[in-house]
Amino acid sequence: MSMTGSRAGARPDPPSTPRFHQIRHLGDEPHELLYGLLRTYGDFVRWRGFQDVYLVNHPDFIRPVLSRDYSHFSKRTIDYRVLAQVMGNGLVTNDGPHWVRQRRLMQPMFSNHRIESFDGRINALTASLMNEWETRVGGETLRIDREMGRLTFGIVGATLFGSDLERHAGEVAEILEVANLNPFEPRALMTLCSWVPTPHNLKWRHAVRRLDRIVYGMIDARRQRGAGGDDILDHLIRALGEESGEGMDERQMRDEVVTLMLAGHETSANALAWTLYLLDRHPDVQARLAESLTETLNGAPANAGDLSRLPYLKQVVQESMRLYPPVWSYARRSEQEEEFEGYRLPAGAYVAVVPYALHRHPKFWPDPERFEPDRFDPDRGEGRHPYSYLPFAAGPRTCIGAGMAMLETQLVLAQILQSFRVRIVPDHPIETTAKVTLRPRHGILATVSRR
Ligand code: HEM
């Protein structure tokens, strides 16, 4: 593999698919469409739609995009512009030197040490959800994906923003729901022309206004009370007041807060919901996991330090995110011409990395549809290509919350699985739909009983 910049001009284009081929699927199942194209045409494919999409599905091609040559690939694509309508210029959508500065500022707030100190709060919030479930034992159906959404939103609030978000939790979650669109959907694209009064644009604008009121209110209240504490809001406010010229303005702070709210809860909620679904479908895995939990924890919640003694728990989460990567795709724009294996990638191209397809690449994942947590047994993973598994992306723009996500998913599962048996309602259809995150199209319905 070589990347030769503008010298690659004489190279042929990668295999192309017919123009507007299967475009009707782009709206609701783009993940299946792109996966199908990669299965048919190979590891580097040009999909000629209304905008050419270059799909890269070989770990050797993905590595330079995300890591080695990451500065040749920007986030100046339509999806990030859509996301920016809500997230503004926060860490996910920001780019260039300004992003570098913000990332440096925020990285220490996500150090392992800090993240691990969240375990008590995560466990307390999970315990309070378990208390609610206690009253619903015996038949009442729960929407597991929504239950997990409520929990992870509470976790982001309590760990990153103190108690300030708590009283707005319901309202904010409802507002953010408006923003969870597949960026290829016409109504998502229309948000780029926000002055056009389509019904969705009106709803969207109203949602953003409500969100702004809450977030600016939160920032204001904290400033008046004094930001002497240690949560992210305190850190951001202190940066706001810095005299060094490196501090951020209030708008930037709002954008970082909204970005963390959005990026930090929907993703983990999906990971948890899909894992509970997979465990129900694989009773052998569930039994083995439950046994290992009881053996190590004896009914008590896990703390961060216990997790190293529960390797199978981590493997289950990893394997679940292989099959159902919450962020099923992410895009970049090539800022200069590049070359992959003799094929040309032009400057200005829309490049998509699709974990949903990559994690099913048969060369790296034999029998890819099979749910088999032992794949992630550390002894078996040796020699696996590090870019064949990318639920959190990789390189400088890797997920800043990956450590937090791994901690919370494991702690929450450890507690649920020791207390309850979660049974998925058998005749309820389970299908994926790809919005910003990969979701269960009809939700995941379950009943709970005491273990
Ligand atoms: C299972 C849960 C999660 C998954 C699968 C996930 C996945 C990802 C992925 C794939 C990216 C890169 C996206 C891109 O290149 O555009 C990303 C970025 C990001 N994630 Fe996560 N994430 C998760 C949880 C979290 C949590 C808990 C937080 C914060 C509390 C968070 C905050 C962020 C931020 C701020 C970025 C942008 C980082 C940057 O570009 O500097 N994520 N995440």
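Reading guide: rules and limits
- Residues numbered from 1 in each chain as written.
- Predicted model: local features only at pLDDT ≥ 70, side-chain atom pairs only at ≥ 80, totals over all residues.
- Helix = DSSP H or I, 4+ residues; strand = E, 2+ residues; numbered from the N terminus.
- Buried ≥ 20, exposed ≤ 12 C-beta atoms within 10 Å, placed from the backbone.
- Contact = placed C-beta atoms within 7 Å.
- Pairing = 2+ DSSP bridges.
- Near = placed C-beta within 6 Å.
- Nonpolar A, V, L, I, M, F, W, Y, C, P; charged D, E, K, R; others polar.
- Core = buried A, V, L, I, M, F, W, Y, C linked by C-beta atoms within 7 Å.
- Axes fitted to C-alpha atoms, helices over the stretch in contact; angles between N-to-C directions.
- Parallel < 35°, antiparallel > 145°, perpendicular 65-115°, else oblique.
- Left-handed = near helix turned anticlockwise from the far one by under 90°.

### Focus: the overall build of the chain
A tally of helices and strands in the chain yields 18 helices and 13 strands. Taken along the three principal axes of its C-alpha coordinates, the chain extends 65 × 55 × 45 Å. The buried share of the chain, reckoned over its 451 residues, is 41%.

### Things to note about the environment of Val196
The topology assignment puts Val196 in the loop between helix H9 (186–190) and helix H10 (199–225). For the pair Val196 and Ala302, spaced 106 residues apart in the sequence, the C-alpha separation amounts to 51 Å. Ignoring anything within four residues of it in the chain, the contact list for Val196 reads Met190 and Asn201.

### Digging into the sheet that holds strand E5 (residues 142–143)
The three strands are arranged E5-E13-E10 in an open sheet whose pairing can be described as antiparallel. Sheet topology places E5 and strand E10 (420–424) at the edges, where each strand pairs with a single neighbour.

### So, the site of the ligand
Neighbouring the ligand are 23 residues; Gly264, Thr267, Cys399, Gly401 and Ala405 lie closest to it. Listing elements by their share of the shell around the ligand, those giving two or more residues are helix H12 (250–263), helix H13 (266–281) and helix H18 (402–419). The residue inventory of the shell around the ligand, partitioned by class, reads 16 nonpolar, five polar and two charged.

### Considering the nonpolar core
The biggest cluster of nonpolar side chains holds 113 residues, and the ones touching the most others in it are Leu34, Leu55, Val56, Ala273 and Val354. In this view, Ala273 contacts Ile144, Asp145, Met148, Pro440 and Ile444; residues no more than four positions away in its chain are not counted.

### A few points about unusual backbone geometry
Positive phi, normally seen in glycine, also occurs at Glu341, with a value near 45°. Even without being a glycine, Ala393 presents a positive backbone phi close to 65°. Along the chain, Ala393 falls in the loop between helix H17 (378–381) and H18. Take Ala393: there are 18 C-beta atoms within 10 Å of it, and that puts it in the partly exposed class.

### Describing the pairing of strand E6 (residues 330–334)
Regular strands place side chains that alternate from one sheet face to the opposite one. Of the strand pairs in this sheet, strand E4 (residues 73–74) and E6 are connected by two bridges, and their pairing is antiparallel. Residue pairing across strands places Phe73 opposite Ser334, the latter belonging to E6. Note that E6 and strand E9 (residues 350–353) share four bridges and pair antiparallel. Paired with Tyr330 across the strands is Val353, a residue of E9.

### Details of the sheet that holds E6
As summarised here, the arrangement of the six strands in space is E1-E2-E3-E9-E6-E4, forming an open sheet in which the pairing is mixed. The strands lining the two open edges of the sheet, one partner per strand, are strand E1 (16–17) and E4. Note that strand E2 (residues 44–48) and strand E3 (residues 52–56) share five bridges and pair antiparallel. Paired with Val45 across the strands is Leu55, a residue of E3.

### Here's the deal with the packing of helix H7 (residues 144–160) against H13
It is the contact of H7 with H13, at a shortest axis distance of 8 Å, that shows an interaxial angle of 140°. When the interaxial angle is binned, H7 and H13 end up oblique. As for how H7 packs across H13, the hand of that crossing is right-handed. Contact residues: Ile144, Asp145, Met148, Gly149 and Thr152 in H7; Glu266, Ser268, Ala269, Leu272, Ala273 and Leu276 in H13. Class assignment for the residues of the contact of H7 with H13 results in six nonpolar, three polar and two charged.

### A few points about the packing of H10 against H12
Their axes nearest at 10 Å, the elements H10 and H12 cross at an angle of 110°. Between H10 and H12, the angle falls in the class roughly perpendicular. Taken together, the residues of H12 that come into contact with H10 (itself represented by Leu211, Asp212, Val215, Tyr216 and Ile219) are Glu250, Met253, Arg254, Val257 and Val258. By residue class, the composition of the contact of H10 with H12 is seven nonpolar, no polar and three charged.

### Some points on the environment of Arg210
One can find Arg210 in helix H10. Counting along the chain gives 38 residues from Arg210 to Val172, while the straight-line C-alpha distance between them is 8.5 Å.

### Some remarks on helix H2 (residues 59–68)
Along H2, seven of the ten residues are buried, which leaves the element largely enclosed by surrounding structure. Along H2, the residues classified as buried are Pro59, Phe61, Ile62, Arg63, Pro64, Val65 and Leu66. Buried residues in H2 make contact with E2, E3, E4, E6, strand E7 (338–340) and E9.

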